[in-house]
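Here's the letter readout for the chains.
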Amino acid sequence: MPLTCIFDMKRILVTGGSGFIGSAIVKKLRDAGNFVVPLSRKNDDDDAICVDLSCRSAVFSVLSGRCFDAIFHLAASGVSPENEKDSSLLHLNAGGTQNLLDAIETLPVCPIVVAGSWTEYGKNSSGLLIETDCCMPESQYGIAKLASTHIARAWSIRTKRPL
């Protein structure tokens, strides 16, 4: 089913809304008539929320009292290879995911999509990955994305909110 059919005429938050994938999703959802609120570290959209997800108090402040029909969490730092050994990515990505989830816990329940990455799996000999493969990340980015996935799963179980 096309993305535009599932979320027609909704108020949607897209973290990482100025990124490569996020900006494409924002455009597609807006073209379908949705009110889309991008969240980004950059302020390049009139409707955007500009905040660093790793700053817990700022995340709580900008999301307090808001209401969304769906959330796409695509925000991530360090996807490029030059950041392969950047140990701050765990704080930025996993910490940012935790801050976002904790902040939206005070909001009405809505569907949340948390984007993963192939880097969570690392490389395997066949070159093909399936979701049941063992995760063996080989970079700080992959480790941070896998931690974010585990954080989101634990949050969902604890709060009984769907992901």
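Scroll up for the structure.
Below you will find a few notes about this structure. As the structure is a prediction and not an experimental result, all values here were calculated from the model. (Residues numbered from 1 in each chain as written. Predicted model: local features only at pLDDT ≥ 70, side-chain atom pairs only at ≥ 80, totals over all residues. Heavy atoms only, no water.)

## A look at the sheet that holds strand E1 (residues 11-15)
- The strand order across the open sheet built from 5 strands is E3-E2-E1-E4-E5, with neighbouring strands paired in parallel fashion. Here the strands that pair on one side only, and so sit at the sheet edges, are strand E3 (49-50) and strand E5 (112-114).
- Examined bridge by bridge, strand E4 (residues 70-73) and E5 share 3 bridges and lie parallel to one another. Bridged to Phe72 within E5 is Val113. (Pairing = 2+ DSSP bridges. Helix = DSSP H or I, 4+ residues; strand = E, 2+ residues; numbered from the N terminus.)

## Some points on the pairing of E1
- The buried count for E1 comes to 4 of 5 residues, which makes it a mostly enclosed element.
- Read as a crossover between parallel neighbours, the route from E1 over helix H2 (residues 20-31) to strand E2 (residues 35-40) is right-handed.
- With 4 bridges joining them, E1 and E4 adopt parallel strand pairing. Pairing of Val14 across the sheet is with Phe72, part of E4. (Buried < 20%, exposed > 50% of the residue type's maximum accessible area, 1.4 Å probe, protein only. Right-handed = clockwise from strand over helix to strand, strands pointing away.)

## Considerations on the packing of helix H3 (residues 56-63) against helix H4 (residues 89-104)
- Interhelical geometry of H3 versus H4 gives an angle of 35 degrees and a closest axis separation of 9 Å. Every pair of crossing elements has a handedness; the one defined by H3 and H4 is right-handed. Contacts between H3 and H4 involve Arg56, Val59, Phe60 and Leu63 on the former and, on the latter, Gln98, Asn99, Leu100, Asp102, Ala103 and Ile104.
- Across the contact of H3 with H4, the residue classes break down as 6 nonpolar, 2 polar and 2 charged. (Axes fitted to C-alpha atoms, helices over the stretch in contact; angles between N-to-C directions. Left-handed = near helix turned anticlockwise from the far one by under 90°. Contact = heavy atoms within 4.5 Å. Nonpolar A, V, L, I, M, F, W, Y, C, P; charged D, E, K, R; others polar.)

## Considerations on the nonpolar core
- Counting residues in hydrophobic clusters, the biggest one holds 21 residues, and the most contacted among them are Leu13, Leu39, Ile49, Leu63, Phe68, Ile71 and Ile104.
- If you list the elements that add at least two residues to this core, you get E2, H3, H4 and helix H5 (140-159).
- Ranked by the residues each element gives to this core, the list is headed by H4, at 5 residues.
- In this structure Ile49 touches Leu13, Val37, Pro38, Leu39, Ser40, Val62, Leu63 and Arg66, once residues within four positions along its chain are discounted.
- In terms of nonpolar packing, the next biggest core, distinct from the first, is built from 9 residues, Val36, Ala70, Phe72 and Leu74 among them. (Core = buried A, V, L, I, M, F, W, Y, C linked by side-chain atoms within 4.5 Å.)

## Looking at the pattern of salt bridges
- For the structure on display, the rule yields 4 salt bridges.
- In this structure, Arg158 engages Asp102 in a salt bridge whose closest nitrogen and oxygen atoms are separated by 3.7 Å. Placement of the pair is Arg158 in helix H5 and Asp102 in helix H4, with a sequence separation of 56 residues.
- On the basis of relative accessible area, Asp102 is assigned to the buried category, the value being 13%.
- A salt bridge links Glu105 to Arg158; its shortest N-O distance comes to 3.0 Å. (Salt bridge = Lys/Arg side-chain N within 4 Å of Asp/Glu carboxyl O.)

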